[in-house]
Amino acid sequence: MKATEAARKHSTTLAQLLQGRLSGVTVYPSRDGGIVVRMGGPTSFYGAQSPLFVVDGVPLESGTTLSWLDPNDVETIQALKDPSQTAIYGVRGSNGVILIRTKGSH
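Residues numbered from 1 in each chain as written. Predicted model: local features only at pLDDT ≥ 70, side-chain atom pairs only at ≥ 80, totals over all residues. Heavy atoms only, no water.

(A) Expanded view of the side chain of Arg-38. By secondary structure assignment, the location of Arg-38 is in strand E2 (residues 35–39). Within the structure, the side chain of Arg-38 is placed 3.2 Å from the side chain of Ser-50, a separation counted as a polar contact. (Helix = DSSP H or I, 4+ residues; strand = E, 2+ residues; numbered from the N terminus. Polar contact = N/O pair within 3.5 Å; in protein donor to acceptor, adjacent residues only side chain to side chain.)

As structure tokens, this is what we get:
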């Protein structure tokens, strides 16, 4: 998904930018004020099913909030759901991968 100017103008957070723009991705607020992102099926009884976030080629640790990322700096967002696409990230990519490329990453 290319982050269009119209989407960025109406989005004050990354959650708002993601919501409804990537098929199979659900975004909702968490109890601690962050966001919860789910890809694909239902949640697990045994642990989090959050996807791995990769910003400008750098995988983020699980539980890292993205509140520092300004939606206006986002150039593209891509969701990887297929096991063949996420295989390079190993077990960390088992719940999907969201690739975010910022404008300054060229």
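Once you've had a look at it, read on.
(B) Up close: unusual backbone geometry. Of note in the backbone geometry, Asp-56 takes a positive phi value of approximately 55 degrees without being a glycine. Residue placement: Asp-56 occurs in the loop between strand E3 (52–55) and strand E4 (58–59).

(C) Main features of the pairing of strand E6 (residues 97–102). Where E3 and E6 come together, 4 bridges link them in parallel fashion. Looking across to E6, one finds that Val-55 is bridged to Ile-100. (Pairing = 2+ DSSP bridges.)

(D) The arrangement of the nonpolar core in detail. Leu-14, Leu-18, Val-25, Phe-53, Ile-77, Ile-98 and Ile-100 are the most contacted members of the largest nonpolar core, which has 19 residues in total. Listed by contribution, the elements that provide at least two residues to this core are helix H2 (14–18), strand E1 (25–29), E2, E3, strand E5 (74–80) and E6. If one sorts the elements of this core by residue count, H2 sits on top with 4 residues. Not counting residues within four places of it along the chain, the set of residues in contact with Val-25 comprises Val-37, Arg-38, Met-39, Ala-79 and Ile-98. The next biggest cluster of nonpolar side chains, apart from the first, holds 5 residues, and it includes Leu-52, Val-54, Leu-80 and Tyr-89. (Core = buried A, V, L, I, M, F, W, Y, C linked by side-chain atoms within 4.5 Å. Buried < 20%, exposed > 50% of the residue type's maximum accessible area, 1.4 Å probe, protein only. Contact = heavy atoms within 4.5 Å.)

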